[in-house]
Amino acid sequence: MANEIAIPLLPCRNIDEIVEFYTMLGFTRIYYQVRPNPYVSLKREDLQLDFFGMPEGFKPEDSYGTCVVIVPDTGELFEAFAAGMREAHGKLLVAGIPRMTRPRKRKNAENHSGFTVIDPGGNWIRIMAAKPAPAQKEAASGKLTTTLNRAVVMGDSHGKHVRAAQILDAALERDKDTATAAELLQALAYRAELALRAEDPAAAGDVLARARALALSEADRDKLADTLAALDDMEAVLRP
């Protein structure tokens, strides 16, 4: 049989909280009920997500709710979601619940690009590219990049940001004198994001300062435009 459609049903603490969040991301509410059980359906183009309200006492941080969404272009969807967050909050939500990670190639997913939205219900909406990115020369390569890829799997796929930070800290110390500026920028950008997830703004600020102090060539700046944009987003989070 072809043309099947699967619609995830995910738990949440409050359906109105979910509606507000996903409306910010460009979804439209297509069904809503309060009784006998809270339930809401939200749709954005061909992507539909349904949510049901949980009894009092449900904690989003303890939720196991998750689903995978396959899209043609993770970068395009990320930028659309980011625009909605910036309009609503003046910044990206990169820490706490809700939050969103940036698109990165996933070593544990055949290097397909992926990012994750963690919604107010604690659900992990894992956005993955349908195809791997076209082969191209990497802006950064070496031991530090290999370790960064491991840290991304730990932090973004498994949600273990503390362990990811430990892995990356060891590599940054080990390779600080041998890694290229491009490698260091990418590693430091991710380390700053992990610090924000750990609610450690002082550490995030220190790492961002190290990243900004790197001497990059114009060619590196062009190749790493997305990473430099990530620094801008994180600095916006740190502003009072």
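See the structure shown above.
Residues numbered from 1 in each chain as written. Predicted model: local features only at pLDDT ≥ 70, side-chain atom pairs only at ≥ 80, totals over all residues. Heavy atoms only, no water.

Next up on the list: the environment of Thr66. With respect to the helices and strands, the residue Thr66 is situated in strand β5 (residues 66-71). Look at Thr66 and you get partly exposed, because its relative accessible area is 38%. C-alpha separation for the pair Thr66 and Gly122, spaced 56 residues apart in sequence, amounts to 8.6 Å. The residues contacting Thr66, other than those within four sequence positions of it, are Leu10, Trp124 and Arg126. Separated by 2.8 Å, the side chain of Thr66 and the backbone oxygen of Trp124 make a polar contact. (Helix = DSSP H or I, 4+ residues; strand = E, 2+ residues; numbered from the N terminus. Buried < 20%, exposed > 50% of the residue type's maximum accessible area, 1.4 Å probe, protein only. Contact = heavy atoms within 4.5 Å. Polar contact = N/O pair within 3.5 Å; in protein donor to acceptor, adjacent residues only side chain to side chain.)

What follows concerns the nonpolar core. Ranked by size, the top nonpolar core spans 64 residues in total, and within it Tyr22, Leu25, Phe51, Met100 and Ile125 carry the most contacts. Looking at this core element by element, the count peaks at 11 residues for helix α5 (residues 181-197). With sequence-adjacent residues up to four places away left out, Leu25 is seen in contact with Arg44, Phe81, Met85 and Val117. (Core = buried A, V, L, I, M, F, W, Y, C linked by side-chain atoms within 4.5 Å.)

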